[in-house]
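# Descriptive analysis of the structure
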Amino acid sequence: MFIVGLTGGIGSGKTAVSDHLQSLGIDIVDADIASRTVVEPGQPALVKIAEHFGDDILLADQSLDRAALRQKIFSNPDDKQWLESLLHPLIAEEISYQLAKTQSPYAIFVSPLLLEIGQSAICDRILVVDAPEEVQIARTTQRDNNDPEQVKRIIASQMSRQQRLEKADDIIENNQGLNHLQQQANTLHQHYLTLAETKKHDQ
């Protein structure tokens, strides 16, 4: 299996790229979706989280109150560490399961923390979507109704643009609108098809 890891800072345009590649017939595995799957109602992880943090971490429908959980771990490094040691192995397992089910010539694995938490180890190529910081702030503020200062704090907590670009095999510059972004994705799509075919023959 040929896996392309897709990452980028908040508001950089990862979803626009993965949506476009999906429209070309490529299977997408998303770390955010995997991380939501493992804490769905009825999952053992959610039971443990409620035991650890108390039932006020659950919404009326017994699903996880993500905002409340974020609030709790943001101010407590020990709780954050506890949560990560519970969830990271489960999320990794879910991601492996999803990747094993992919059928397309190559798979795209989308993860905002691809480079931070070592997920890039399972990838054949690293694709970084890059956008200027002011574009990231404008997009995220508009999309999520976030306060610009909050977005700046999130950007500051993520790996720097420079570090990300240094680790990239391929880069999509998202600074000239959707058409330009999709053209770059089309070119890389052809490249990945060739690389995936080569890998298949080499095995």
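The structure under discussion appears in the preceding block.
Quick caveat, the model's predicted, so the values are computed rather than measured.

Along the backbone of the protein there are nine helices and five strands. Starting at the N terminus and ending at the C terminus, the protein contains elements arranged as β-α-β-α-α-α-α-β-β-α-α-α-β-α. Burial status across the protein gives 41% buried among its 203 residues. Of the contacts made within the protein by residues no fewer than 6 positions apart, 72% connect residues no fewer than 24 positions apart. Element-wise, carbon and sulfur atoms account for 49% of the exposed surface of the protein, whose accessible area totals about 11400 Å².

Read from one edge to the other, the open sheet built from five strands follows the order 2-3-1-4-5, with strand pairing classed as parallel. A single partner strand is all that each edge strand has here, and the edge strands are strand 2 (27-30) and strand 5 (170-173). Here the strands of the sheet are splayed against their neighbours by 25 degrees on average, with no regard to which way each runs. In this structure, strand 1 (residues 3-7) lies alongside strand 3 (residues 107-110), joined through four bridges in parallel fashion. Considered in strand 3, the bridge of Val 4 is made with Ile 108.

Okay, the nonpolar core next. Taken as a class, soluble globular proteins show a tendency for nonpolar side chains to be buried jointly. Residues Ile 49, Ile 57, Leu 69, Leu 87, Ile 95 and Phe 109 are the most contacted members of the largest nonpolar core, which totals 31 residues. If you tally residues by element for this core, the top one is helix 5 (residues 77-100), at six residues. Once residues within four sequence positions are removed from consideration, Ile 49 is found in contact with Val 39, Gly 54, Ile 57, Leu 64, Leu 69, Trp 82, Leu 83, Leu 86 and Leu 87. Ranked by size, the runner-up nonpolar core spans 17 residues in total, among them Leu 6, Leu 21, Tyr 106 and Ile 108.

With that out of the way, let us pick up the layout of surface pockets. Where empty space is left in the structure can be found by rolling a water-sized probe over the atoms. In this structure, the second largest pocket occupies an estimated 220 Å³ of space. Taken together, 13 residues make up the lining of the second largest pocket; nearest its centre are Met 1, Phe 2, Pro 105, Ala 196 and Lys 200. At five residues, helix 9 (residues 178-202) tops the list of elements feeding residues into the lining of the second largest pocket. Here the lining of the second largest pocket is built from residues that sort into seven nonpolar, three polar and three charged.

A word on the pattern of salt bridges. Pairing between side chains becomes possible if they bear opposite charge and their charged atoms approach one another. The full count for this structure, using the stated rule, is seven salt bridges. For the salt bridge of Asp 170 with Arg 125, the shortest nitrogen-to-oxygen distance reads 2.9 Å. Taken as a pair, Asp 170 in strand 5 and Arg 125 in strand 4 (residues 125-130) lie far apart in primary sequence, 45 residues in all. Pair check on accessibility: Asp 170 and Arg 125 agree, each one buried. Two residues, Arg 161 and Asp 130, come together in a salt bridge whose shortest N-O distance is 2.7 Å. Taken as a pair, Arg 161 in helix 8 (residues 161-167) and Asp 130 in strand 4 lie far apart in primary sequence, 31 residues in all.

For any two helices packed against each other, one specifies the crossing angle of their axes together with the interaxial distance. Orientation of helix 3 (residues 44-53) relative to helix 5, taken along the N-to-C sense of each, is 170 degrees, at an axis distance of 11 Å. Taken together, helix 3 and helix 5 sit at an angle that is classed as roughly antiparallel. Residues Ala 45, Lys 48, Ile 49, His 52 and Phe 53 of helix 3 pack against Asp 79, Trp 82, Leu 83, Leu 86, Leu 87 and Leu 90 of helix 5. Counted by class, the contact of helix 3 with helix 5 contains eight nonpolar, one polar and two charged residues.

Moving on: the environment of Tyr 192. Along the polypeptide, Tyr 192 turns up in helix 9. The class for Tyr 192 is buried, based on a relative accessible area of 1%. Separated by 15 residues in the primary sequence, Tyr 192 and Gly 177 have C-alpha atoms spaced 23 Å apart. Once residues within four sequence positions are removed from consideration, Tyr 192 is found in contact with Phe 2, Val 4, Tyr 106, Arg 125, Leu 127 and Asp 170.

Conventions adopted
Residues numbered from 1 in each chain as written. Predicted model: local features only at pLDDT ≥ 70, side-chain atom pairs only at ≥ 80, totals over all residues. Heavy atoms only, no water. Helix = DSSP H or I, 4+ residues; strand = E, 2+ residues; numbered from the N terminus. Buried < 20%, exposed > 50% of the residue type's maximum accessible area, 1.4 Å probe, protein only. Contact = heavy atoms within 4.5 Å. Areas by Shrake-Rupley, 256 points an atom, 1.4 Å probe, with all protein chains shown as cover. Pairing = 2+ DSSP bridges. Axes fitted to C-alpha atoms, helices over the stretch in contact; angles between N-to-C directions. Core = buried A, V, L, I, M, F, W, Y, C linked by side-chain atoms within 4.5 Å. 1 Å grid on protein atoms, 1.4 Å probe; cavity = no way out; pocket = protein on both sides within 12 Å on 5 of 7 lines; lining within 4 Å. Points joined across faces, edges and corners; volume = space filled by probe spheres on them. Nonpolar A, V, L, I, M, F, W, Y, C, P; charged D, E, K, R; others polar. Salt bridge = Lys/Arg side-chain N within 4 Å of Asp/Glu carboxyl O. Parallel < 35°, antiparallel > 145°, perpendicular 65-115°, else oblique.

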